[in-house]
Amino acid sequence: MYREWIDILQTTPLFQGIAQENLNTMLECLKPRIKRYKYREIVALCGDPLFGIGIIASGKVALTKETYSGNRIMLGILNAGDIFGETAAFSSDRIWPVTVIANEDCQLLFLPPDKIQGNCSNICQAHSILILNMLNILSNKALLLNKKIEHLSAKSIRGKISSYLLEESRHKRETAFYIQMKRHELADYLGIPRPSLSREMAVMKKEGIMDYTGSWIKIKDILALERSIE
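Conventions we followed
Residues numbered from 1 in each chain as written. Predicted model: local features only at pLDDT ≥ 70, side-chain atom pairs only at ≥ 80, totals over all residues. Heavy atoms only, no water. Pairing = 2+ DSSP bridges. Helix = DSSP H or I, 4+ residues; strand = E, 2+ residues; numbered from the N terminus. Axes fitted to C-alpha atoms, helices over the stretch in contact; angles between N-to-C directions. Parallel < 35°, antiparallel > 145°, perpendicular 65-115°, else oblique. Contact = heavy atoms within 4.5 Å. Nonpolar A, V, L, I, M, F, W, Y, C, P; charged D, E, K, R; others polar. Expected span 1.5 Å × (residues − 1). Buried < 20%, exposed > 50% of the residue type's maximum accessible area, 1.4 Å probe, protein only. Arc of directions from axis to C-beta.

Visitor: Any chance you could explain the sheet that holds strand β8 (residues 106-111) here in plain terms?
Guide: Strands pair in a sheet through their backbones, by hydrogen bonds, and they do so in one of two ways: parallel or antiparallel. Ordered in space as β1-β8-β3-β6, the four strands form an open sheet in which the pairing is antiparallel. In this open sheet, the two strands that pair with only one neighbour each are β1 (33-37) and β6 (83-84). Where β1 meets β8, five bridges bridge the pair, whose relative direction is antiparallel. Within β8, the position partnered with Arg33 by the bridge is Phe110.

If you want it as structure tokens, here you go:
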């Protein structure tokens, strides 16, 4: 039943190191639900009961959160192979911490957390790998959250932009790269009004600190970016 998803699932950090035959057996045990969503369709609402750990089989989803004033904060964009909901799945209060929206037509698999916590006598070694992978994912998510706090704690708009671009450059190990968020999504993510973001990026381009075309970014003066967040 799940064989058509095996290739994409093997690329996910959750199933890393699990052989294909064991993975297929594991999926028969876990019995994930398969759901399809249209572009901009709501997958889950912040505060609603969590119904599973999501795995993106195809497409993209956006993670967002509404402020008390009604503004939406963009927390990130996830692609095929990424997972979401895992940080709340093993908490005492299993509710969605964010709103999840289809960023394009997508197909999602939802794994029941209780079955991940349990064990399967048929493939206990593979299940142990699964649990270790989940711990690794949760640790990495905590580190990413710390990075976002660093971006948001910058005192100026330029500082927030610089912090984000430097982190992306370190992660990709390149000074020229594509960012997966559109301009308005990046503005939401950094907590900056979109006109202010565009205006500051244009000034930074004019000063020769960076260059960009659409989602393509080239850092030309790393030292200037570093000075902006000091």
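The structure having been displayed, the exposition proceeds.
Visitor: Quick question: what am I supposed to make of the packing of helix α7 (residues 183-190) against helix α8 (residues 194-206) here?
Guide: Between two packed helices, what matters for the description is the angle formed by their axes and the separation of those axes. As a packed pair, α7 and α8 sit with axes 9 Å apart at the nearest point and diverge in direction by 105°. Taken together, the axes of α7 and α8 lie roughly perpendicular to each other. Here α7 contributes Arg183, His184, Leu186 and Ala187 to the contact with α8, which in turn contributes Arg194, Leu197, Ser198 and Met201. Taken together, the residues of the contact of α7 with α8 break down into four nonpolar, two polar and two charged.

Visitor: Sorry if this is basic, but what is going on with the environment of Ala176 here?
Guide: As for its placement among the helices and strands, Ala176 is situated in strand β9 (residues 176-178). Between the C-alpha atom of Ala176 and that of Ile217, which follows or precedes it by 41 residues, the distance is 5.6 Å. Once residues lying within four places of it in the same chain are set aside, the contact partners of Ala176 are Trp216, Ile217 and Lys218.

Visitor: Help me understand α8 in this model?
Guide: Since the α-helix turns once every 3.6 residues, residues separated by three or four places project in the same direction. The end-to-end C-alpha distance of α8, which contains 13 residues, comes to 18 Å, matching closely the 18 Å that a straight helix rising 1.5 Å per residue would cover. Buried within α8 are the following residues: Ser196, Leu197, Glu200, Met201 and Met204. Across the axial projection of α8, the buried residues extend over an arc of 125°, all falling on one side. Set apart from the buried face of α8 by more than 90 degrees, the exposed residues are Pro195, Arg199 and Lys206. Buried residues in α8 make contact with α6 (157-172), α7, β10 (210-213), β11 (216-219) and α9 (222-228).

Visitor: Any chance you could explain the sheet that holds strand β4 (residues 61-66) here in plain terms?
Guide: With respect to topology, four strands assemble into an open sheet ordered β2-β7-β4-β5, the strand pairing being antiparallel. Bordering the open sheet on either side are β2 (42-44) and β5 (72-78), each of which pairs with just one other strand. Direction aside, the axes of adjacent strands within the sheet are offset by 30° on average.

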